[in-house]
Amino acid sequence: MKSTYLFAQSAKKWGWFLFIPFLILGFFCWHTEFNFSFLEIDGLAQNLTDELAVTGLILSLFLIGFSKVKDEDEMIHSIRTRSMQIGIYINYALIILATFSVYGFEYINVMAYNLFTPLLVYVLVFHFKLWRLKRE
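In short, a report on the structure. (Residues numbered from 1 in each chain as written. Predicted model: local features only at pLDDT ≥ 70, side-chain atom pairs only at ≥ 80, totals over all residues. Heavy atoms only, no water.)

Structural notes on the overall build of the chain
Scanning the chain from terminus to terminus reveals five helices and two strands. Its C-alpha atoms give the chain principal-axis dimensions of roughly 55 × 40 × 25 Å. For the chain, the proportion of contacts with a sequence separation of at least 24, taken over those separated by at least 6, is 72%. When the accessible surface of the chain is summed, it comes to about 9400 Å², and 69% of that surface belongs to carbon and sulfur atoms. (Helix = DSSP H or I, 4+ residues; strand = E, 2+ residues; numbered from the N terminus. Contact = heavy atoms within 4.5 Å. Areas by Shrake-Rupley, 256 points an atom, 1.4 Å probe, with all protein chains shown as cover.)

Next up, the structure:
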């Protein structure tokens, strides 16, 4: 099956290679006020370290989730579709739960983390289902 909208198989390795450092950078940005001084915008009180972490996390998750697997076929396409659907369901369930349980400025933090939920759940579910398929 020809998959024209997937990255090359080697892109997954790059995604994992980038995911870990950007995850650590994101954690430090959000929890310790860590910033790289070279990403400071002159004349403004703005630093682009957190934007770099968010962009890096999103791009690395895209590379991990949307790279071809060795035997890309209709079954894999079906697993991809179902995994994406589960990711969306879980994302919106968490948003609804947060809407009724988190208030004030913390709600903005929950929404920021929800940027990654659909991709992260998709990657986890897709790779778990691939792992189970290979075990059979």
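Considerations on the packing of aromatic side chains
According to the stated counting rule, one finds eleven aromatic pairs in the structure shown. Ring centres of W30 and Y113 lie 5.7 Å apart, and the angle between their planes is 65°; this geometry places the pair in the edge-to-face category. Remark: Y113 occurs in helix α4 (residues 105-113) and W30 occurs in helix α1 (residues 11-32); sequence separation between them is 83 residues. Residue classification places W30 among the partly exposed residues on the basis of a relative accessible area of 33%. By way of ring pairs, the aromatic residues F62, F66, Y122 and F126 are connected into one cluster. (Phe/Tyr/Trp six-rings, centres within 6.5 Å; stacked < 30°, edge-to-face > 60°. Buried < 20%, exposed > 50% of the residue type's maximum accessible area, 1.4 Å probe, protein only.)

Some remarks on the pattern of salt bridges
Enumeration according to the criterion identifies one salt bridge in this entry. Taking the shortest distance from any N to any O, the salt bridge between R80 and E72 comes out at 3.1 Å. By relative accessible area, R80 is classed as buried at 6%. (Salt bridge = Lys/Arg side-chain N within 4 Å of Asp/Glu carboxyl O.)

Some details on a nonpolar patch on the surface
The grouping of I88, Y89, I90, Y92, L94 and L97 at the surface amounts to a nonpolar patch, some 590 Å² of accessible area in total. Among the structural elements, I88 can be located in helix α3 (residues 74-101). (Patch = residues over 30% accessible without salt bridge, like charges linked within 9 Å, V, L, I, M, F, W, Y side chains within 5 Å.)

Digging into the packing of helix α2 (residues 49-65) against helix α5 (residues 117-135)
Two elements in contact, α2 and α5, have axes separated by 10 Å at closest approach and are oriented at 25°. Comparing the axis directions of α2 and α5 gives the class roughly parallel. The two elements α2 and α5 cross, and the hand of that crossing is left-handed. In this structure, α2 uses I58, L61, F62, I64 and G65 to contact α5, whose residues at the interface are L119, L120, Y122, V123 and H127. Here the contact of α2 with α5 is built from residues that sort into eight nonpolar, two polar and no charged. (Axes fitted to C-alpha atoms, helices over the stretch in contact; angles between N-to-C directions. Parallel < 35°, antiparallel > 145°, perpendicular 65-115°, else oblique. Left-handed = near helix turned anticlockwise from the far one by under 90°. Nonpolar A, V, L, I, M, F, W, Y, C, P; charged D, E, K, R; others polar.)

Interpretation note: all reported values are geometric properties and have no functional meaning in isolation.
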